[in-house]
Structures are given as C-alpha cells and as structure tokens.
Amino acid sequence: MNNDYTYELNYKFDIVELKHSLHWVLDDADINRTESLCLTHAPAKQQHPDDYYYQGAGSLYYEFRTAPGKLIKTKREDPLKESDFTHFIDKIKHTYFFEVYKQLSVEFNIGRMRIMKLNPLHCLTWHRDTAKRIHIPIISNPGNKLAIEDSVIDLPATGQAYMVNTTRYHSAFNAGLENRYNLLCTLHE
C-alpha cells in the first residue's frame with residue numbers, strides 16, 4: 001500500500017507478539033484516560049505523578065492526572081518536545097514493543113512511541129501533526145480507516161509498519177464495533 005501520503009516500510013513485525021505485548025500493557029495501565037499510553041519517557045523532564053505511561057500520553061502541552069473520582073487536565077509549565085522522549089520504559093522492556101523500538105530506532109529518530117486506542121463508532125478531528133508518524137496497526141477491523149487529504153486508506157493489522165505523512169490534514173475513524181489499537185511512533189529531527 002503506497003500512495004502520496006502513506007507507504008510500507010521494510011519492517012513487518014510479529015502480529016501475535018504485538019497483540020501479546022498489547023494485552024500485557026493494557027493489564028498494567030489505564031488506556032481509557034486519554035486513549036493512549038506512552039511507551040517512551042522523557043527522563044530529563046518532570047516525571048508524571050501517576051506513571052511513566054502518562055508522561056507523553058495525550059498531549060505535549062497538557063498533563064492529565066487522576067484525583068479521586070476525576071481526571072484533571074493542567075497546562076504544563078515546561079511543555080514537552082518529541083526529542084525529550086529518549087528512553088523506553090524499563091518495566092516493559094521485556095515486551096516485544098521494546099524489540100520494535102530498538103529496530104526502528106536504528107533508522108529513525110523516535111520521540112513518543114504510544115499505543116493509541118480508537119473507540120468503536122468514533123472519529124478524530126481533522127488536523128495536522130508537526131511530524132510524520134510510523135503506524136503499526138495491532139487490532140483493527142474493516143471499519144477502521146485513515147483519511148488523509150482526499151484519500152481514504154485501510155491499514156490492516158498484519159504487523160506491517162507504515163510511514164504516514166500526518167503533516168497533511170487527516171483523520172482516523174473506527175466505524176467498527178470493536179476498539180482499534182495502533183502502535184504509533186512520532187518522528188523528530
């Protein structure tokens with residue numbers, strides 16, 4: 001699958017191992033807070049009070065933390081940058097995600113490596129990102145699509161890694177009835 005906005009990389013990972021690692025991480029952390037969990041962290045920046053998973057989850061400009069019965073969103077005094085995320089979280093280095101990170105890091109400058117969740121019957125806003133991203137779908141269904149400019153793209157969950165030009169206007173939608181999970185690596189200079 002190659003077009004003006006998306007192309008296959010020369011990396012295809014073991015989908016069974018990706019799913020196994022996904023389930024391990026989902027058992028260890030709450031992805032429902034911001035529909036993402038960060039697998040890398042920024043050791044030179046303030047640690048998130050809840051766990052490393054949340055330091056780069058959701059936003060570089062806002063921090064989400066829990067309080068009794070609610071989630072609190074606060075603007076960061078010192079916003080994060082993709083280049084701050086230089087370390088893979090130690091407690092999940094036993095997962096296959098660390099192998100994926102090591103392989104991709106040989107060729108690419110990876111900032112945040114995140115697990116992204118897209119709920120059934122949901123759509124992201126039409127937006128642009130500041131850098132290209134590597135997508136590795138882990139759990140998908142035929143109703144999951146990526147729309148970039150005037151193209152609609154299907155990225156099946158086969159372990160294939162895709163470079164996606166998310167600096168162009170895009171959205172993703174899940175018209176299916178199950179969660180979509182994607183491994184997303186943001187690149188930086």
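As a reminder, the structure under discussion sits directly above these lines.
Residues numbered from 1 in each chain as written. Predicted model: local features only at pLDDT ≥ 70, side-chain atom pairs only at ≥ 80, totals over all residues. Heavy atoms only, no water.

Another point: the state of the cysteines. The final tally for this structure, using the stated rule, is 0 disulfides. Free of any disulfide, Cys185 has its nearest cysteine sulfur in Cys38, 10 Å distant. Classification of Cys185 by relative accessible area gives buried; the value is 0%. (Disulfide = S-S within 2.5 Å. Buried < 20%, exposed > 50% of the residue type's maximum accessible area, 1.4 Å probe, protein only.)

In this section: the packing of helix α1 (residues 15-28) against helix α2 (residues 96-107). Contact pair α1 / α2: the axes reach a minimum separation of 8 Å and the direction vectors enclose 120°. Here α1 lies oblique to α2, going by the angle between them. Contacts between α1 and α2 involve Glu17, Leu18, Ser21, Leu22 and Val25 on the former and, on the latter, Tyr96, Phe97 and Val100. Grouping the constituent residues of the contact of α1 with α2 by class yields 6 nonpolar, 1 polar and 1 charged. (Axes fitted to C-alpha atoms, helices over the stretch in contact; angles between N-to-C directions. Helix = DSSP H or I, 4+ residues; strand = E, 2+ residues; numbered from the N terminus. Parallel < 35°, antiparallel > 145°, perpendicular 65-115°, else oblique. Contact = heavy atoms within 4.5 Å. Nonpolar A, V, L, I, M, F, W, Y, C, P; charged D, E, K, R; others polar.)

Moving on, we come to the nonpolar core. A general trend in soluble globular proteins is that nonpolar side chains are found buried together. Judged by nonpolar contacts, the single largest core of 36 residues is most densely connected at Leu18, Leu39, Phe97, Leu104, Ile134 and Leu183. Residue assignment for this core shows that the elements contributing at least two residues are β1 (6-12), α1, α2, β7 (110-118), β9 (133-139), β12 (160-164) and β14 (180-187). If you tally residues by element for this core, the top one is α2, at 6 residues. Contact partners of Leu18, with chain neighbours within four places excluded, come to Phe13, Tyr96, Phe97, Val100, Ile136, Ile138, Gly159 and Leu183. (Core = buried A, V, L, I, M, F, W, Y, C linked by side-chain atoms within 4.5 Å.)

Spatial relationships are all this shows, so hold off on functional conclusions.
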